[in-house]
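Report on the structure
Here are the chains, one letter per residue:
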Amino acid sequence: MIAEAGLAALWLAAAMALLQLACAGLGLRLKQDELVAAVRPVAIVQGVLAALSFGLLILLFLQSDMSVLLVAQNSHSAKPWLYKFAGAWGNHEGSMLLWVTVLALAGAAIAVLEHKLDRATLTATLGAQAFIALGFYAFLVIASSPFTRLDPPALDGMGLNPLLQDPGLAFHPPTLYFGYVGLSIAFSFAVGAMVTREVGPVFARAMRPWILGAWVFLTLGITAGSYWAYYELGWGGWWFWDPVENASLMPWLAATALLHSVNVLAARDGLRAWTLMLAVVAFSMSMLGTFLVRSGILTSVHAFAVDPTRGSFILVLLAIYIGGALALYGARVGRVKAGQGFDLLSREGGLVLNNLLLSVILGIVLIGTLYPIVAQAMGQQLSVGPPFFNKTTGPIALLLVAAMSAGPLLRWRRDEANALLQRVTVPIAAALLAMAAMFAAAPGTGWMEIAGLGLAAGLTIASFAPLWKRNLLRTPLFTWGMVVAHFGVAVSLAGMAADSAFTSERLVAARYGQPYYVGPWRVVLNGVAPVMGDNWSAVEGRVTATRGEGSTPLLLTPQRRFYSSPPTDTAEASIRTRADGQLYAVLGAQDAEGRWQLRLWWKPFVTLIWFGGALIALGGALSLIGRVFRERRNTKRREDAE
Amino acid sequence: MKRKHQRLFLGLAALAAIGGASALALSALQDQAAFFYTPSDVATRKPDVDKAVRLGGMVEKGSLKHLKDGVTIAFVVADKEAKVPVRFTGVAPDLFKEGSGVVAEGKFTAEGGFVADNLLAKHDERYMPPEIADKMPSPDTLAK
């Protein structure tokens, strides 16, 4: 019954999307106010129905209803409830339903919360949102229905991939999807504005909080995913340039560029066409990511079952939406009036440089990600891995960090080169000092690591410079947001450079009681004992690590787990965090002589990477709150004045 | 600077950036892309020694051996037609086992063997590398 209700809710939501599109389209064309007025409530109903459908799917998973194919394939009655719950989106169909639900909820959120935008543009925006949703509803009900029944029901489920049985599953995909799909709002805003030709500061100020919100979620989702991969995969790395990671990085790069260009549009009425373009590109990258991940053309941790019809379906959707938006852009951009001009040495100029560099990185990541797919289509199998991406994007990212140290110190409209040089003297000195210190302390370090640490030091100081000589209590919240986010980039960069430059690694066939050394640590495997979990059993290594004489030993307990459904072995890394880094241990197999494979890493300051990511997201959230309150106050003032 | 000139300048800067990025990306692709080989590919045209490649196939049943040092394994990657011996030093991925698919990243040595510095085994039971799925009857675990 629940499955049928879920499917019905999904169909009804799709019908609402169709109605929403029809009301918006006809209402605007025929200038029928009744139709236009219906768009908001219909969008809200669509959001509620989609959420209901998704809620019912979660209920099916919680109840372990094995008469539903999807539950039988991906769940098991003996799983802890959290993984039954989160398992609802740990598979292709469920994750697509989550995707569409977020899309519908985004539309509902616009309908409820957006009051700044003029009515015609808002209506066109909601129409565009419904148009996107329709395609994905069709994809769900035709090619990947999550509610298909299994007759006769299975005795029990096949279980969830053990690597996904982790609290990370409850957090990472939904957060990422809120970001990914939240960018649809920017896309729909851009389409709406191209339809009504209302592009300007009002439009930019209306769009800005939505971009910030999506961007905050995207940042959190990527950061969480990176940490999850780091501790769950047991490879000791935090970013693998896996195509699916790139699929989340590309929308983030575009959204970051958009976030900065929309400020130029809001403050100075410049970069009109470019901002529209970025809004289209950002969500196009989200859809491209969905295509890459869900089509099964990639060999990846994230790709679920391979089904060619699904790939072609998403590819068609992709072509319709991106092609349609670009065609509209091509037709309308000529008539979007040019905005205000500006001097090249100015805040606007700095933001343009930011956008150029981000776009270049985006282009390189895009080429590196798609090249193997294109080559495969032409009959050649190849892969593009970390060496390519590090070598190409690294230097440009460092250039970007250098530019972002100076950018916020520039004045709007025009600035003097000498004045700028004065303002950046201290950060440059700090950067050079840090590089020299690093070079003296560890002469063999690569130039990228040295430059990275130096620039991180410079950016740390430069990011706080906008607060110099200001009354900190009266500094607007969005300025604080910028400061915190830029500081977060410096923190994260410092972590990346430190991890890359100073990590020590050991792989040993460990005998009990014998000491091994990694970095400053003395590590001993004392024994291996069996342990039991809810739905797994394991052997657990008892490893003690000491640093220097007389220090309290740390206990590490890396495990090899055996899950029965589905039958799988996994390694659970054991990680101990100290103020200056993390000690990371992975237990391998036992050999014939009774020795255990033990892989050890000492990773100085690696935690800064994710701490910085969290700071970046926090900065975005502060900006969002600051902007919303400022807009409210301005609206109120205007009303009072009238 | 006049508005027209500025637009021209920005346009040129954007073009230069895109051109530079493409040139950088394409030149890096030339020497960084790792080509994919199946064992039968290797039999017909052997890749150059010391060039980074990926070798994909099934881990042949009964071929997995643990070497004396305790951290190195040796096994045979096979498809229907050919076999390649592989060595790998490190902790093999969780889903790496005999009779399942594997993609080994590494290099061929002058002696003819393959030394992997990374092994990829898919983190999904239903997985088989698409390159191999074309060449092997796929075990449909769902039908069990």
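Residues numbered from 1 in each chain as written. Chains lettered and ligands numbered in written order. Predicted model: local features only at pLDDT ≥ 70, side-chain atom pairs only at ≥ 80, totals over all residues.

1. Description of the overall build of chain A
Across its full length, chain A holds 18 helices and eleven strands. Computed over the C-alpha atoms, the radius of gyration of chain A is 26 Å, within 12% of the 26 Å expected from 2.2 N^0.38 for a compact globule of 642 residues. If one aligns the C-alpha atoms of chain A with their principal axes, the spans along those axes are about 80 × 75 × 55 Å. The buried share of chain A, reckoned over its 642 residues, is 56%. Intrachain contacts of chain A at a sequence separation of at least 6 include 75% that bridge at least 24 residues. (Helix = DSSP H or I, 4+ residues; strand = E, 2+ residues; numbered from the N terminus. Rg over C-alpha atoms; globule rule 2.2 N^0.38 Å. Buried ≥ 20, exposed ≤ 12 C-beta atoms within 10 Å, placed from the backbone. Contact = placed C-beta atoms within 7 Å.)

2. As for the pairing of strand β5 (residues 536-546) of chain A
All names here are of chain A. With ten bridges joining them, strand β4 (residues 521-532) and β5 adopt antiparallel strand pairing. What sits directly across from Ala529, in β5, is Glu540. Across five bridges, β5 lies against strand β7 (residues 559-564) in antiparallel orientation. Paired with Val539 across the strands is Arg560, a residue of β7. (Pairing = 2+ DSSP bridges.)

3. Some words on the pairing of β7 of chain A
The sheet contact formed by β7 of chain A and strand β8 (residues 567-572) of chain A spans six bridges and is antiparallel. If you follow Arg561 of chain A over to β8 of chain A, its bridge partner there is Thr570 of chain A.

4. Describing the packing of helix α9 (residues 243-268) of chain A against helix α10 (residues 272-294) of chain A
All names here are of chain A. Two numbers describe how α9 lies on α10: the axes approach to 8 Å, and their chain directions differ by 165°. One way to sum up the angle between α9 and α10 is to call them roughly antiparallel. For α9 against α10, the interelement crossing comes out left-handed. Here the residues of the contact of α9 with α10 sort into 20 nonpolar, five polar and one charged. (Axes fitted to C-alpha atoms, helices over the stretch in contact; angles between N-to-C directions. Parallel < 35°, antiparallel > 145°, perpendicular 65-115°, else oblique. Left-handed = near helix turned anticlockwise from the far one by under 90°. Nonpolar A, V, L, I, M, F, W, Y, C, P; charged D, E, K, R; others polar.)

5. Re the packing of helix α6 (residues 119-143) of chain A against helix α7 (residues 167-196) of chain A
Residues and elements named next belong to chain A. Taken N-terminus to C-terminus, the directions of α6 and α7 make an angle of 130°; their axes are 7 Å apart at the nearest point. What the angle tells us is that α6 and α7 run oblique. Helix-helix and strand crossings are classified by hand; for α6 and α7 the assignment is right-handed. Contact residues: Ala120, Thr121, Leu122, Ala124, Thr125, Ala128, Gln129 and Ile132 in α6; Ser184, Ser188, Phe189, Val191, Gly192, Ala193, Val195 and Thr196 in α7. Here the contact of α6 with α7 is built from residues that sort into nine nonpolar, seven polar and no charged.

6. Some thoughts on unusual backbone geometry
Residues and elements named next belong to chain A. Look at Arg197: it is not a glycine, yet its phi comes out positive at around 60°. Given 13 C-beta atoms within 10 Å, Arg197 falls into the partly exposed group. You will see that Leu271, though not glycine, has its phi angle at about 55°, which is positive. Inspection of the secondary structure puts Leu271 in the loop between α9 and α10. In this structure Leu271 comes out as buried when scored by C-beta crowding, with 26 C-beta atoms within 10 Å.

7. Topic: the nonpolar core
Within the largest apolar cluster, 247 residues are counted, with the highest numbers of intra-cluster contacts made by Val100, Ala186, Ile211, Ala254, Ala255, Leu258 and Ala282 of chain A. Counting residues per element, this core draws most heavily on helix α8 (residues 201-232) of chain A, which supplies 17 residues. (Core = buried A, V, L, I, M, F, W, Y, C linked by C-beta atoms within 7 Å.)

8. Brief notes about the confidence of the model for chain A
Across chain A, the average pLDDT comes to 87, with 97% of residues at 70 or higher. Confidence scores differ between elements of chain A, with strand β1 (residues 382-383) of chain A showing the lowest mean pLDDT of 76 and helix α17 (residues 477-502) of chain A the highest of 93. (pLDDT = per-residue confidence, 0-100.)

9. Overview of the sheet that holds strand β2 (residues 504-510) of chain A
Residue and element names in this part refer to chain A. Pairing is antiparallel across the open sheet formed by four strands, whose spatial order is β2-β11-β10-β9. Each of the sheet's edge strands pairs with one partner strand only, and the pair in question is β2 and β9 (574-578). Mean inter-strand twist for the sheet, computed between neighbouring axes without regard to direction, equals 15°. In the sheet, β9 pairs with strand β10 (residues 581-590) via five bridges, with the strands oriented antiparallel. Directly across from Ile575, in β10, lies its bridge partner Tyr584.

10. Concerning the environment of Phe85 of chain A
Residue and element names in this part refer to chain A. Secondary-structure assignment places Phe85 in helix α4 (residues 81-86). The spatial distance from the C-alpha of Phe85 to the C-alpha of Leu117 is 38 Å, given a sequence separation of 32 residues. Discounting residues that sit within four places of it in the chain, Phe85 has contacts with Ile58, Phe61, Leu62 and Ala170.

11. Some details on the domain arrangement of chain A
All names here are of chain A. Domain assignment breaks chain A into domain 1 (1-162), domain 2 (424-499) and domain 3 (504-604). The distance between the C-alpha centroids of domain 1 and domain 3 comes to 43 Å. Opposite the seven residues of domain 1 that make contact, domain 3 presents eight residues. Classifying every residue of the side of domain 1 that touches domain 3 by side-chain character gives four nonpolar, two polar and one charged. (Domains from an automatic or database assignment.)

12. Focus: α9 of chain A
Think of an α-helix as 3.6 residues a turn; residues three or four steps apart then line up on the same face. Residues and elements named next belong to chain A. Here α9 is 26 residues long and its end C-alpha atoms lie 37 Å apart, about the 38 Å a rise of 1.5 Å per residue gives. Of all 26 residues that make up α9, 24 are buried, and the element is covered over most of its length. In the stretch just after α9, Asp269 is the one whose phi turns positive, near 55°. (Expected span 1.5 Å × (residues − 1).)

13. A word on the confidence of the model for chain B
Residues and elements named next belong to chain B. For chain B, the average pLDDT comes to 75, and 78% of its residues sit at 70 or higher. Every residue in residues 131-144 is under pLDDT 50, and counting partners more than four places away or in other chains gives 22 contacts. For this predicted complex, the interface confidence comes out at an ipTM of 0.72, alongside a pTM of 0.89.

14. Re helix α15 (residues 425-441) of chain A
Residue and element names in this part refer to chain A. When the terminal C-alpha atoms of α15 are compared, their 24 Å separation across 17 residues agrees well with the 24 Å that a helix rising 1.5 Å per residue should span. Here α15 has its buried residues at Pro427, Ala430, Ala431, Ala434 and Met438. The buried residues of α15 occupy an angular sector of 100° when the element is viewed end-on, so they sit on one face. In α15, the exposed residues that point more than 90 degrees away from the buried face are Thr425, Ala436 and Ala440. (Arc of directions from axis to C-beta.)

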